[in-house]
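Residues per chain are reported as follows:
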Amino acid sequence: MKKRSLTALLLGCLFLHGQSQELFVFTEPASNMAKGNLGLRLMASSMKEAVGSEYNNHLMPELMYGVNNKLMVHLAAFISNRNTSFVTEGGSLYAKYKFLNNDDVQSHFRMAAFGRYSWNNADIHQQEINLIGHNTGFELGMNATQLLHKWAFSAGISYQQAANNGSKYEFPSSESNKAMYYTLSLGKLMLPKAYTGYEQTNLNLMVELLGQSLLSNGKSYLDIAPSVQLIIHSKMRIDLAYRKELYSNMIRTAPNGLVLKLEYNFFNVY
Amino acid sequence: MKKILFFTLVTILSFTANAQITSVHLQASGLTCSMCNLSIKKSLEKLPFVASIKPNVEKATYDISFKTGADVSLAEIQQAVVKAGFSVAKLKFTVNAASATNVSSNGFELNGFSYNLVDAELANIATEQTFMVTDKGFLSDKEFKKFKLKNKALGVAKAFNITKA
């Protein structure tokens with residue numbers, strides 16, 4: 001009952017006021033971490049299979065580091081129980097370079113270019129190309145983020161190309177291994193109304209639109225993902241999101257489900 | 001003899017200790033979240049001459065005090081904000097008048113740094129005088145436009161354009 005009231009309250013806030021700031025759950029903003037800061041992240045997702053009643057559970061531990069004020073890198077591992085018990089199926093290396101930075105008091109407009117290389121040794125089981133825990137391949141893209149006081153807007157576009165998953169699972173030649181990926185994210189800082197210190201818990205509400213078009217066959221999907229985020233002691237982040245397919249004409253194994261993300265930031269590590 | 005030497009040394013040291021920027025008030029731009037705010041504070045705390053920082057999270061301002069006798073570099077303070085991923089919207093600093101050298105109507109020198117007054121004549125520096133840096137990177141783009149033509153091209157991190165604050 002308590003859970004239900006909490007969910008209702010959070011959803012209520014979302015519809016009443018909109019969403020949170022720019023530390024989105026499914027997309028990265030154009031902003032970077034501070035130079036020398038280290039972030040530890042754990043993402044857990046439980047996605048319901050489209051056919052049957054099984055759930056695919058994924059874990060993604062991730063290390064993030066601010067090389068300088070323009071460049072940051074992420075290193076992640078993909079663990080999943082989709083086939084058997086939990087096994088490490090792959091990993092990814094991600095880098096983002098901020099090339100435009102216009103700051104003003106309580107606002108900014110920033111743009112960044114990013115690249116990702118992922119590897120995965122799991123079986124290829126869907127038409128969707130997913131470089132977070134499913135496909136081997138690379139992604140190159142750009143994103144732009146506007147912060148306006150308590151609001152943040154971010155948009156991204158990237159080119160994705162999948163390859164064979166190890167030597168065991170070839171990418172089917174009949175399927176499209178190239179895709180464009182689009183994202184649109186909105187966020188709003190809900191609490192505190194006014195800051196008095198670093199100890200206050202921040203509540204952010206966000207909603208993201210995530211879409212993909214496969215280039216060879218024109219198939220596409222569009223998902224919506226509302227989320228709630230808490231920032232504790234200005235160091236720790238807890239995100240809870242629900243990803244829901246709005247539209248799709250491609251084969252996707254498990255598009256809908258819950259995502260929980262925990263993050264802790266260490267300042268001035270190096 | 002030793003005593004005299006000791007007292008001379010103490011006098012010199014206390015003079016050097018006075019020869020300082022006594023405090024800095026800065027406002028950062030490009031942020032509204034407390035996590036970002038803390039990143040800037042942590043980056044400023046790394047500077048060897050910083051003694052303490054009083055942040056105002058709501059306004060993104062920081063009141064910085066310095067270690068006695070340490071050489072304060074305004075350029076390093078600005079860079080610390082940039083390294084955290086943000087910008088300086090305003091930087092005001094207070095100097096102890098007794099410590100300034102080469103004081104002229106156009107400015108003064110302090111600990112090897114020179115300060116050029118852009119828009120007002122300086123008859124004399126008050127005991128505690130506050131100035132604002134008008135160089136690019138020390139102001140929001142909007143504010144910088146007001147000083148762009150008045151600023152001298154100094155081009156080194158050891159010289160700053162300033163105005164009375």
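Residues numbered from 1 in each chain as written. Chains lettered and ligands numbered in written order. Predicted model: local features only at pLDDT ≥ 70, side-chain atom pairs only at ≥ 80, totals over all residues. Heavy atoms only, no water.

(A) Quick peek at the overall build of chain A. Of the regular secondary structure elements, chain A holds one helix and 12 strands. Order of helices (α) and strands (β) in chain A, N terminus to C terminus: α-β-β-β-β-β-β-β-β-β-β-β-β. Taken along the three principal axes of its C-alpha coordinates, chain A extends 55 × 45 × 35 Å. Within chain A, buried positions represent 49% of all 270 residues. (Helix = DSSP H or I, 4+ residues; strand = E, 2+ residues; numbered from the N terminus. Buried < 20%, exposed > 50% of the residue type's maximum accessible area, 1.4 Å probe, protein only.)

(B) The arrangement of the interface of chain A and chain B in detail. Of the residues lining the interface, 32 residues belong to chain A; the matching set on chain B comes to 28 residues. Carbon and sulfur atoms make up 55% of the surface buried where chain A meets chain B, a total of about 2,600 Å² over both sides. For the salt bridge of B:Lys142 with A:Asp104, the shortest nitrogen-to-oxygen distance reads 3.7 Å. Applying the counting criterion to the chain A and chain B interface returns 15 residue pairs in polar contact (both at pLDDT 80 or more). Among the elements of the structure, β4 (87-104) and β5 (107-120) of chain A are those that each provide at least two residues to the side of chain A that touches chain B. (Contact = heavy atoms within 4.5 Å. Buried area = accessible area lost by both parts, 1.4 Å probe. Salt bridge = Lys/Arg side-chain N within 4 Å of Asp/Glu carboxyl O. Polar contact = N/O pair within 3.5 Å; in protein donor to acceptor, adjacent residues only side chain to side chain.)

(C) Here's a closer look at the pattern of salt bridges. All names here are of chain A. Counted under the stated rule, the structure contains 15 salt bridges over all chains. Residues Arg-41 and Glu-28 are paired through a salt bridge, measuring 3.2 Å at the closest nitrogen-oxygen approach. Within this pair, whereas Arg-41 is found in strand β1 (residues 38-48), its partner Glu-28 is found in the loop between α1 (2-17) and β1, the two being separated by 13 residues in sequence. The exposure classification of Arg-41 matches that of Glu-28, with both residues buried. One salt bridge connects Asp-103 with Arg-110, and the closest N-O pair in it is separated by 3.1 Å. Salt bridges linked by common partners bring Glu-28, Arg-41, Glu-62, Lys-96, Arg-237, Asp-239 and Glu-263 together as one network.

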